[in-house]
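Report on the structure
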Amino acid sequence: MDFDFGVLPVLVPVVLGAIFLVGGARQIRRNRRLVRHGGRAHGIVVAQDSRWSSSNDGSGGSYHHAPMIEFVAEDGRTHRAKSEISKTHTSFIPGRRVLVHYDRADPAKIFLPGHDGGPAVIFTLIGAVVLTIGLGALWAFWRGMTADDLMDNGVLFGAAFLCIGGSVLAIGVAGILATLRIKTGPRSRGVVIGETTSTGPQGMTRHHAVVRWTAPTGEVLEAPSGRGRLIRRIPVGTEITVRRHPRDPHRILLAGDWPELSSFAFLLFGGLFSAVGGVITWAVLHA
């Protein structure tokens, strides 16, 4: 039986979807293994490994940051380890106290809750969607449709727009919800005692106020704000309202800190792409 090379364009989303799905699932499994069977410690973000990533056409780019964590393991030794995940925006800035799950056999392998888990989930979801689209196209091909037929009737275009739009939309929604979870968390009054800095996506220095406050339990806590400022730095000695993450008291935002503009941009463009994909798909299915 001769191989029908016309199926190759249909196999592309199947292969890509499988790669994304398997890669994301393996990363999720690795993270869960560290949480369940690895060591656990509280560490300090001591630096950010910032690297410039150029766009494909070389006309622009942005910095991606991976936090460097220093922690004391169960054996009493101090280790420094870098997260495997780099982001353009991160609240894991120098001076912040964080929870670390690490591999006892190799403490350089770490998992940071709230930082490292999201990309694996997104990759897995994208892979599942793309694989589903590819399998649907493959089923249609076996039913007698050609790759040209699938392209001409707009099904693949609509599905592609839905996939891209849904993924971008999910990133925007996740960013906004993460901020709102902190903004609706426990509230305290604190005092600015200093500042730390981080590097923004375009290389600009962001200033993060370090705040000291007293928790309801009487414990005195210190943490840098997760939202840095380019201008209007907060002077030392300023009294300010602190909002804390319900499960992580060192993850804070200050009065006036709201979701990043990039989250709203993802929300807008993801919504537009999803709407276009939905309209195309609906028109094809009801033609």
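Structure: see above.
Description of the structure in this document. Counting restarts for each chain: residues are numbered from 1 in the order of the written sequence. In keeping with the model being predicted, local features are shown solely for residues with a pLDDT of at least 70 and side-chain atom pairs are shown and tallied solely at 80 or more, while totals for entire chains, interfaces and linings include all residues. Hydrogens and water molecules were not included; the side-chain quantities draw on all heavy atoms of the structure.

**Brief notes about the sheet that holds strand E5 (residues 110–111)**
- Pairing between strands requires that DSSP locate at least two bridges from one strand to the other. Put simply, DSSP H or I for four residues or longer makes a helix, DSSP E for two residues or longer makes a strand, and each gets a number counted from the N terminus. Pairing is antiparallel across the open sheet formed by five strands, whose spatial order is E3-E2-E1-E4-E5. If you trace the sheet from one side to the other, it starts and ends with strand E3 (78–82) and E5, each paired once.
- One ladder, built from two bridges, connects strand E4 (residues 97–102) with E5; its direction is antiparallel. Bridging from a neighbouring strand, tyrosine 102 pairs with isoleucine 110 of E5.

**Section: the packing of aromatic side chains**
- Between rings of Phe, Tyr and Trp, where Trp is taken as its six-membered ring, a pair exists when centres lie within 6.5 Å; planes separated by under 30 degrees are stacked, by over 60 edge-to-face, and by other angles tilted. The full count for this structure, using the stated rule, is four aromatic pairs.
- Judged by centre distance (5.2 Å) and plane angle (15°), the ring pair of phenylalanine 20 and phenylalanine 123 falls under stacked. A residue pair is termed long-range when its members are at least 10 positions apart, and phenylalanine 20 in helix H1 (residues 8–37) and phenylalanine 123 in helix H2 (residues 117–142) qualify at 103 residues.
- When a residue's accessible area, from a 1.4 Å probe over protein chains only, is under 20% of the maximum for its type it is buried; when over 50% it is exposed; and in between it is partly exposed. The exposure class assigned to phenylalanine 20 is partly exposed, which follows from its relative accessible area of 31%.
- Taking the relative accessible area as the measure of exposure, phenylalanine 123 reaches 43% and is therefore partly exposed.
- In this scheme, the term charge over a ring applies when either NZ of a lysine or CZ of an arginine sits within 6 Å of the ring centre and within 35 degrees of the ring normal. Positioned over the ring face of phenylalanine 92 is arginine 96, at 4.2 Å from the centre of the ring.
- For lysine 183, the ring lying beneath its charged end belongs to tryptophan 258, and the centroid distance is 4.6 Å.

**Some thoughts on H2**
- Working rule for helices: expected span equals 1.5 Å times residues minus one. The end-to-end C-alpha distance of H2 is 38 Å, a good match for the 38 Å that 26 residues give at a rise of 1.5 Å each.
- Listing the buried residues of H2 in full gives Ala120, Thr124, Gly127, Val130, Leu131, Gly134, Ala137, Leu138, Ala140 and Phe141.

**Points about the pattern of salt bridges**
- Criterion for a salt bridge: a side-chain nitrogen of Lys or Arg within 4 Å of a carboxyl oxygen of Asp or Glu. Here the structure, examined in full by the defined rule, presents 13 salt bridges.
- Here glutamate 74 ties to arginine 104 by a salt bridge, and the two come within 2.9 Å at their closest N and O atoms. Here the residue glutamate 74 occupies a position in the loop between strand E2 (61–72) and E3, and arginine 104 occupies one in the loop between E4 and E5, the gap between them amounting to 30 residues.
- With relative accessibility at 52%, the residue glutamate 74 sits in the exposed group.
- Residues arginine 212 and glutamate 222 are paired through a salt bridge, measuring 2.6 Å at the closest nitrogen-oxygen approach. Pair noted here: arginine 212 is in strand E7 (residues 205–214) and glutamate 222 is in strand E8 (residues 220–224), with a separation of ten residues, a long-range link.
- Three or more residues are tied together by salt bridges with common partners; here these are Asp49, Arg51 and Lys82.

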